[in-house]
Amino acid sequence: MVLLVSFLAGPIFGIGLIVAGMANPAKVLGFLDLAGNWDPSLALVMAGGIAMGLALFTLAKRRARSLLGLPMRLPAGTRLDRRLILGSLLFGTGWGLAGICPGPALVLVGAGNAKGWAFAAAMLAGMALFELLERRRS
Amino acid sequence: MTIDWLHFTPAISALGGALIGLAAGILVLLTGRIAGISGIAGGLLQRKTGEIGWRVAFLAGLLAAPAMYRIVMPLPETRVDTGWLVLVLAGLLVGVGTRYGAGCTSGHGICGLSRLSPRSLAAVLSFMAAGFLTVFVTRHLLGG
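Residues numbered from 1 in each chain as written. Chains lettered and ligands numbered in written order. Predicted model: local features only at pLDDT ≥ 70, side-chain atom pairs only at ≥ 80, totals over all residues. Heavy atoms only, no water.

Trainee: What am I meant to see in the overall build of chain B here?
Mentor: Assigned secondary structure in chain B consists of six helices and one strand. Along the first, second and third principal axes, the C-alpha atoms of chain B reach 50 × 40 × 35 Å. Of all 144 residues assigned to chain B, the portion counted as buried reaches 52%. Long-range pairs, those at least 24 residues apart, make up 34% of the contacts in chain B between residues at least 6 apart in sequence. Summed over its atoms, the accessible surface of chain B is roughly 6,400 Å², and 72% of this surface lies on carbon and sulfur atoms. Between the centroid of the 10 positive side chains of chain B and the centroid of its 4 negative side chains there is a distance of 16 Å. (Helix = DSSP H or I, 4+ residues; strand = E, 2+ residues; numbered from the N terminus. Buried < 20%, exposed > 50% of the residue type's maximum accessible area, 1.4 Å probe, protein only. Contact = heavy atoms within 4.5 Å. Areas by Shrake-Rupley, 256 points an atom, 1.4 Å probe, with all protein chains shown as cover. Lys, Arg positive; Asp, Glu negative; His and termini not counted. Charge placed at Lys NZ, Arg CZ, Asp CG, Glu CD.)

Here is the structure:
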């Protein structure tokens, strides 16, 4: 059941990205280009997502267990550390270079976009590099 | 700044956003998991037992999204103008950065802000600022 729900949430998420225009890197860069001919659309993606999310996450936060009886795995940390900020700055720089973030990267892979494949391969390599560095640290 | 009215799609983008929020809400309410794509994909590389199946199922569904969309209508135009070399550099930065920052546009942007998490707010402000700055530098200072 958990697998089925996860599998069904995937395409709703992905179709949302396509409908929203997030899976089109040129549109994402149009949003990030404040000083140029600015396309504010992605602000509305955030607004729509958070409006829906706020309702559903408020319900989720009140529960100790999910509707399928699994423990709620909500992040508990509150500390604003250097890793969070520096990591996010690196991510934002990459996002600004290509207009692609992780979700849309995988949608582009699914759509058979060659540049999407190249980006996603590099992204996974970056994630693997992180795991490697983490393992060395511990 | 000028507004690009030609490409501005407020209603359809808000609808797409709501679908993203719905998917994240379904996942958390039913399974207790956060729909953060970088966390789900990156977590696969940790090979923790019991944490593989749902991640693979979700990512398979996400990869299948364009095919499902095509059943109803043709996919909208996508344009990737970035050259191959910069694209690979960008991918690396996104991979490393989202793992160090513990989230991306979905995990921090949608799920985190919906949970009213201060950490996620700080992350979103950081990656947005870096994104705006990067595009300003590449498009307006370097003229790329």
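Trainee: I tried to follow the overall build of chain A on my own but got confused; where do I start?
Mentor: In terms of regular secondary structure, chain A is built from six helices and one strand. Listed by position from the N terminus, the elements making up chain A come as α-α-β-α-α-α-α. Along the longest, intermediate and shortest principal axes, the C-alpha atoms of chain A span 45 × 40 × 30 Å. Taking all 138 residues of chain A together, the buried fraction comes to 54%. A sequence separation of at least 24 residues applies to 41% of the contacts in chain A between residues at least 6 apart. Of the accessible surface of chain A, which amounts to about 5,900 Å², a share of 69% is contributed by carbon and sulfur atoms. Here chain A holds 13 positive side-chain charges and 5 negative ones, and the gap between their average locations is 11 Å.

Trainee: Got a minute to help me understand the interface of chain B and chain A in this structure?
Mentor: The figure often quoted for interface size is the accessible area lost as the parts come together. With 108 residues of chain B in contact, the opposing surface of chain A contributes 106 residues. A buried area of about 9,800 Å², summed over both sides, lies between chain B and chain A, and 75% of it is on carbon and sulfur atoms. Linking chain B to chain A there are four salt bridges. In this structure, the salt-bridge partner of Asp81(A) is Arg119(B), at a minimum N-O distance of 3.6 Å. Seen at the junction of chain B and chain A, the total is 29 residue pairs in polar contact (both at pLDDT 80 or more). Of all elements in the fold, only β1 (2-3), α1 (10-31), α2 (37-44), α3 (53-72), α4 (84-100), α5 (105-114) and α6 (118-141) of chain B reach the threshold of two or more residues within the side of chain B that touches chain A. Here the side of chain B that touches chain A takes 21 residues from α1(B), the largest share from any one element. Among the residues forming the side of chain B that touches chain A, the class breakdown is 62 nonpolar, 34 polar and twelve charged. (Buried area = accessible area lost by both parts, 1.4 Å probe. Salt bridge = Lys/Arg side-chain N within 4 Å of Asp/Glu carboxyl O. Polar contact = N/O pair within 3.5 Å; in protein donor to acceptor, adjacent residues only side chain to side chain. Nonpolar A, V, L, I, M, F, W, Y, C, P; charged D, E, K, R; others polar.)

Trainee: Would you take a moment to explain the packing of aromatic side chains for this structure?
Mentor: Two numbers describe a pair of aromatic rings. These are the distance of the centres and the angle of the planes. Using the criterion set out here, one finds eight aromatic pairs over all chains in the structure. Plain terms: the ring middles of Trp5(B) and Phe8(B) are 5.8 Å apart, the flat faces sit at 65° to each other, and that makes the pair edge-to-face. You can call Trp5(B) exposed: its relative accessible area is 64%. Here the aromatic cluster, defined as three or more aromatic residues joined through ring pairs, consists of Phe31(A), Trp38(A) and Phe132(B). Above the ring of Trp84(B), the side-chain terminus of Lys115(A) is found at 5.6 Å from the ring centroid. (Phe/Tyr/Trp six-rings, centres within 6.5 Å; stacked < 30°, edge-to-face > 60°. Lys NZ or Arg CZ within 6 Å of the ring centre and 35° of its normal.)

Trainee: Is there a simple way to explain the packing of helix α5 (residues 102-110) of chain A against helix α6 (residues 114-137) of chain A in this structure?
Mentor: Packed helix pairs are specified by the crossing angle of their axes together with the interaxial distance, meaning the distance between the axes. Residues and elements named next belong to chain A. Running from amino to carboxyl end, α5 crosses α6 at an angle of 130°, the nearest separation of the two axes being 8 Å. The angle between the axes of α5 and α6 places the two elements in the oblique class. For α5 against α6, the interelement crossing comes out left-handed. Note on element contacts: α6 touches α5 through Gly116, Trp117, Phe119, Ala120 and Met123, opposite Pro102, Ala105, Leu108 and Val109. Of the residues assigned to the contact of α5 with α6, the class counts are eight nonpolar, one polar and no charged. (Axes fitted to C-alpha atoms, helices over the stretch in contact; angles between N-to-C directions. Parallel < 35°, antiparallel > 145°, perpendicular 65-115°, else oblique. Left-handed = near helix turned anticlockwise from the far one by under 90°.)

Trainee: Could you clarify how one ought to interpret the pattern of salt bridges in this entry?
Mentor: Taken as a whole and assessed by the stated rule, the structure comprises eleven salt bridges over all chains. For Glu134(A), the salt bridge identified is with Arg83(A), shortest N-O distance 3.3 Å. Of this pair, Glu134(A) sits in helix α6 while Arg83(A) sits in helix α4 (residues 82-98); the two residues are 51 residues apart in sequence, bridging distant segments of the chain. Under the relative-accessibility criterion, Arg83(A) is labelled partly exposed at 28%. A cluster of three or more residues bridged by salt bridges with shared partners is formed by Arg73(A), Arg33(B), Glu51(B) and Arg55(B).

Trainee: I'm lost on the environment of Leu106(A) in this one. Help?
Mentor: Topologically, Leu106(A) is positioned in helix α5. You can call Leu106(A) buried: its relative accessible area is 11%. On a C-alpha basis, the gap between Leu106(A) and Val19(A) in space is 15 Å, while along the polypeptide they are 87 residues apart. Non-local contacts of Leu106(A), meaning those with residues more than four positions away in its chain, are made with Ile37(B), Leu59(B), Leu62(B) and Leu63(B).

Read these as spatial facts, not as claims about activity.
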